[in-house]
Amino acid sequence: MTDRSRREYWRRNLRYLIGLLAVWFAVSYGCAILFVDQLDKFRLGGFRVGFWFAQQGSIYVFCLLILVYVRLMNRLDRDFDVDERG
């Protein structure tokens, strides 16, 4: 891997990380704190949606983002021929 391709690899990796962390921040902070009053007007399984996001929703989104990151990184590794599958 050349120095230029190594820099491109890490640039794309950081772009993925920043984007996914921004989504997680928006869900965990925005939905659970900022928009809780608007979300509490709706119910999910008998619970107010604002309460649900504060307690479980952000954790589910975090787990989903981990899966998205794994898929993105596997594809990035294949694109730069550094995947572990050989």
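Scroll up a little and you will see the structure.
Not measured: the values here are computed from a predicted model.

Draft legend 1. Local environment of the overall build of the protein chain. Within the protein chain one finds three helices and two strands. Overall, the protein chain shows an N-to-C arrangement of helices and strands of α-α-β-β-α. Here the C-alpha atoms of the protein chain give a radius of gyration of 18 Å, more than 25% beyond the 12 Å that 2.2 N^0.38 yields for 86 residues. A principal-axis box enclosing the C-alpha atoms of the protein chain has dimensions of 55 × 25 × 15 Å. Looking at the protein chain as a whole, 26% of its 86 residues qualify as buried. Excluding contacts between residues fewer than 6 apart, the proportion of contacts in the protein chain whose partners are at least 24 apart in sequence is 61%. Carbon and sulfur atoms provide 62% of the accessible area of the protein chain, an area that totals close to 6,700 Å². In the protein chain, 13 side chains carry a positive charge and 9 a negative one; their mean positions are 5 Å apart.

Draft legend 2. Geometry of the packing of aromatic side chains. Inspection of every chain in the model, using the stated rule, returns four aromatic pairs. Considering the side-chain rings of W24 and F62, the 4.6 Å spacing of their centres and the 40° angle between planes classify their relative orientation as tilted. In this pair, W24 is assigned in helix 1 (residues 3-34) and F62 in helix 3 (residues 49-79), connecting sequence segments 38 residues apart. Given the relative accessible area of 31%, W24 is considered partly exposed. Taken together, the ring pairs in this structure connect Y9, W10 and F80 into an aromatic cluster.

Draft legend 3. Molecular detail of a positive patch on the surface. On the surface, R71, R75, R78 and R85 cluster together to form a positively charged patch. Turning to its location among the elements, R78 is positioned in helix 3.

Draft legend 4. Expanded view of the environment of V36. Summarising the element assignment, V36 is placed in helix 2 (residues 36-39). Separated by 38 residues in the primary sequence, V36 and N74 place their C-alpha atoms 36 Å from one another.

Draft legend 5. Helix 1, seen in detail. Its 32 residues give helix 1 an end-to-end C-alpha distance of 43 Å, which sits within 8% of 46 Å, the value for a rise of 1.5 Å per residue. Elements that come into contact with the buried residues of helix 1 comprise helix 2 and helix 3.

Draft legend 6. Just the environment of L34, in detail. The residue L34 is located in helix 1 in this model. Between the alpha carbons of L34 and A54 there is a distance of 11 Å; along the sequence they are 20 residues apart.

The rules behind these values
Residues numbered from 1 in each chain as written. Predicted model: local features only at pLDDT ≥ 70, side-chain atom pairs only at ≥ 80, totals over all residues. Heavy atoms only, no water. Helix = DSSP H or I, 4+ residues; strand = E, 2+ residues; numbered from the N terminus. Rg over C-alpha atoms; globule rule 2.2 N^0.38 Å. Buried < 20%, exposed > 50% of the residue type's maximum accessible area, 1.4 Å probe, protein only. Contact = heavy atoms within 4.5 Å. Areas by Shrake-Rupley, 256 points an atom, 1.4 Å probe, with all protein chains shown as cover. Lys, Arg positive; Asp, Glu negative; His and termini not counted. Charge placed at Lys NZ, Arg CZ, Asp CG, Glu CD. Phe/Tyr/Trp six-rings, centres within 6.5 Å; stacked < 30°, edge-to-face > 60°. Patch = residues over 30% accessible without salt bridge, like charges linked within 9 Å, V, L, I, M, F, W, Y side chains within 5 Å. Salt bridge = Lys/Arg side-chain N within 4 Å of Asp/Glu carboxyl O. Expected span 1.5 Å × (residues − 1).

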